[in-house]
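# Reading the structure
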Amino acid sequence: MVDHVLALNAGSSSLKFGLYELAENNLPCVRWHGQIERLGDAPRLLAKSTDGQTINQPLAKTQSHDEAIRAFLEMAREQLPDINIRAVGHRVVHGGAVYSEPVLVDQKVMDVLAGFIPFAPLHQPFSLTGIGAAIDAFPGTAQVACFDTAFHRTHPWVNDTFALPLSYYEKGVRRYGFHGLSYDYITQKLKEIAPSLYDGRVVIAHLGNGASMCAVSGGRAVASTMGFSALDGLPMGTRSGQLDPGVVLYMMQQEGMSADEIADTLYRKSGLLGLSGLSSDMRTLLAAETPEARRAIDYYVFRIRRELGALSAALEGLDALVFTGGIGENAAQIRRRICEGMRWIGIEIDPNRNADNGTVLSTDFSRVRILRIPTNEEMVIARAAARMVQ
């Protein structure tokens, strides 16, 4: 039998996975990765191996996360009959102020994580559902929770609090930050490929359907654009980003909207979709010729520049800007527009390097290095799971 660890990322209607073989040094090496999408509707398994095999098949009888994990397990055992799952790592959106490192899951941990559901009601339940399904599928196997909030637990107090009565801070109402697994991967990658930048002042822009930015100094998080929830900061595919809390009061008091209606508006009908009236997908907006699509992009770029300036102030300077995430890695036009508006801070992007989607995007004379580094959250989860079973 060959030892493997499994990395799972459970969403409301999907289950992303990465299957990693444990080498002799116990470092995970990816064998398969993919997802089961559209759970509850028209589920389909999409998977690809490192040796070029692909699977794309409907799963008519797969509607729940338990069934999705069983479908994945059936595929894995068919492709790798000698597989032995030593540990399962899970992306958990919220670890509160309690967890700053990955943790082995037991019932006590599950109870604590369930207590964070009010802090992330649209994400946390699915994280717990995924863990429960994996416990059923792999009885007796180590389950490891890895937290999107953990990377940000090094924030200084001024970047961790709101100007509310202190009792709210004690209740857990504070700035948590998210996308921490992505930021963890990027900082470790910087340590590997550019140790001088790792030791310096870096802003990482995780730009995708969900988007945020993080200020990192010496590999430790200093500030994030996201706060108490995954709504704050940058506009996203369907999420509003930064919002005057008075707008929420207006929705309640003047329009009579319920909490659920407001949540639906802010999480699912705002952002690029709300501004453009067309799509939440940046590729569609870039190809569109409507004034609404152009204004949505203009606002998106403006907010990134504004947050970049603020995070640079939190760092007291800037040595590097790193783009990652679906938009950050692939939308050269967006990267160019962001950087062209930030020359005053020492950012100079090379148009040819940027168009080629290389690693280094800055000119040779740019004071601030600009990098493009693809993220890999599943690898962070797999490494944590491997460490737990050493």
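Refer to the preceding data block for the structure.
Keep in mind it's a predicted model, so treat the numbers as computed, not measured.

The rules behind the values
- Residues take numbers from 1 onward in each chain, read along the sequence in its written order.
- Local features in this predicted model are restricted to residues of pLDDT 70 or higher, and side-chain atom pairs are both shown and tallied only at a pLDDT of 80 or more, whereas totals for entire chains, interfaces and linings draw on every residue.
- Remark: hydrogens and water are excluded; side-chain values derive from all non-hydrogen atoms of the structure.
- Whether two strands pair comes down to DSSP finding at least two bridges between them.
- Labels follow the DSSP assignment, with helices taken as runs of H or I lasting at least four residues and strands as runs of E lasting at least two, numbered in each case from the N terminus.
- Axes, fitted as lines to C-alpha atoms, cover a helix only where it is in contact. Angles between the N-to-C directions of the axes lie from 0 to 180 degrees.
- Note on contacts: a residue pair is in contact if any heavy atoms of the two residues lie within 4.5 Å.
- Throughout, exposure labels follow a simple rule: accessible area from a 1.4 Å probe, protein chains only, divided by the maximum for the residue type, with under 20% read as buried, over 50% as exposed, and the rest as partly exposed.
- In summary, the pairing rule links any two rings of Phe, Tyr or Trp, Trp by its six-membered ring, whose centres are within 6.5 Å, and it sorts them by plane angle into stacked for under 30 degrees, edge-to-face for over 60 and tilted for everything else.
- Either the NZ atom of lysine or the CZ atom of arginine qualifies as a charge over a ring when it sits within 6 Å of the ring centre and within 35 degrees of the ring normal.
- Note that the term roughly parallel is reserved for angles under 35 degrees, roughly antiparallel for angles over 145, roughly perpendicular for angles of 65 to 115, and oblique for everything else.
- Rotating anticlockwise by less than a right angle from the far helix to the near helix defines a left-handed crossing, while the corresponding clockwise rotation defines a right-handed one.
- Here the term charged refers only to Asp, Glu, Lys and Arg, the term nonpolar to Ala, Val, Leu, Ile, Met, Phe, Trp, Tyr, Cys and Pro, and the term polar to all other amino acids, Gly among them.
- Pairs of N or O atoms are called polar contacts if they sit within 3.5 Å, as long as, within protein, a hydrogen donor faces a hydrogen acceptor (for residues adjacent in sequence, only side-chain-to-side-chain pairs).

Moving on, we come to the sheet that holds strand β3 (residues 28-37). Spatially, β5-β4-β3-β2-β1-β6-β8-β7 is the arrangement adopted by the 8 strands of the open sheet, whose pairing is mixed. With one partner strand each, in any of the chains shown, β5 (54-58) and β7 (103-104) form the two edges of the open sheet. Of the pairings in the sheet, the one linking strand β6 (residues 83-92) to strand β8 (residues 142-147) comprises 6 bridges and is parallel in character. Across the sheet, the residue bridging to His-90 is Ala-145, located in β8.

Another point: the sheet that holds strand β9 (residues 201-207). Strand order across the open sheet formed by 5 strands is β11-β10-β9-β12-β13, with mixed pairing between neighbours. The open sheet terminates on both sides in strands that have one partner only, identified here as β11 (220-224) and β13 (369-372). Here the average twist between neighbouring strands, direction ignored, is 25°. The sheet contact formed by β9 and strand β12 (residues 320-324) spans 5 bridges and is parallel. Bridging from a neighbouring strand, Val-203 pairs with Leu-321 of β12. Here helix α5 (residues 180-193) sits on the sheet and contacts β9, β10 (211-217), β12 and β13; the angle it forms with β9, its principal contact strand, is near 135°.

Looking now at unusual backbone geometry. With a phi close to 60°, His-179 is a non-glycine residue in the positive phi region. A residue is classified by how much of its surface remains accessible, and His-179, at 8% relative accessible area, is buried. One non-glycine residue, Asn-357, lies in the positive phi region at around 55°. Tracing the chain through its elements places Asn-357 in the loop between α14 (351-355) and β13.

Let's shift gears to the packing of aromatic side chains. Tallied over the full model, the rule gives 8 aromatic pairs. Ring centres of Tyr-99 and Phe-147 lie 5.0 Å apart, and the angle between their planes is 5°; this geometry places the pair in the stacked category. Within this pair, whereas Tyr-99 is found in the loop between β6 and β7, its partner Phe-147 is found in strand β8, the two being separated by 48 residues in sequence. Taking the relative accessible area as the measure of exposure, Phe-147 reaches 3% and is therefore buried. Ring centres of Phe-116 and Phe-119 lie 6.1 Å apart, and the angle between their planes is 15°; this geometry places the pair in the stacked category. On the basis of relative accessible area, Phe-116 is assigned to the buried category, the value being 9%. One aromatic cluster is present, built from ring pairs that chain together Phe-116, Phe-119, Tyr-176 and Phe-228. Of note, Lys-171 hangs over the ring of Tyr-168, and the distance from its end group to the ring centre comes to 5.0 Å. Between the NZ or CZ atom of Arg-174 and the centre of the ring of Tyr-169, over which it lies, the distance is 3.8 Å.

To describe two helices that pack against each other, one gives the angle between their axes and the distance between the axes. The interhelical angle for the contact between helix α2 (residues 107-114) and helix α3 (residues 124-137), taken along N-to-C directions, is 160°, at an axis separation of 10 Å. It follows that α2 is roughly antiparallel to α3 by the angle criterion. You can see that α2 and α3 cross each other, and the crossing is left-handed. Note on element contacts: α3 touches α2 through Gln-124, Leu-128, Ile-131 and Gly-132, opposite Met-110, Leu-113 and Ala-114. Split into classes, the residues belonging to the contact of α2 with α3 amount to 5 nonpolar, 2 polar and no charged.

Before going further, it helps to examine the side chain of Ser-182. Relative to the assigned elements, Ser-182 resides in helix α5. Here the side chain of Ser-182 touches His-206 through a polar contact of 2.9 Å, side chain to side chain. Those residues in contact with Ser-182 that lie beyond four places of it in its chain are His-206, Thr-324, Thr-375 and Glu-377.

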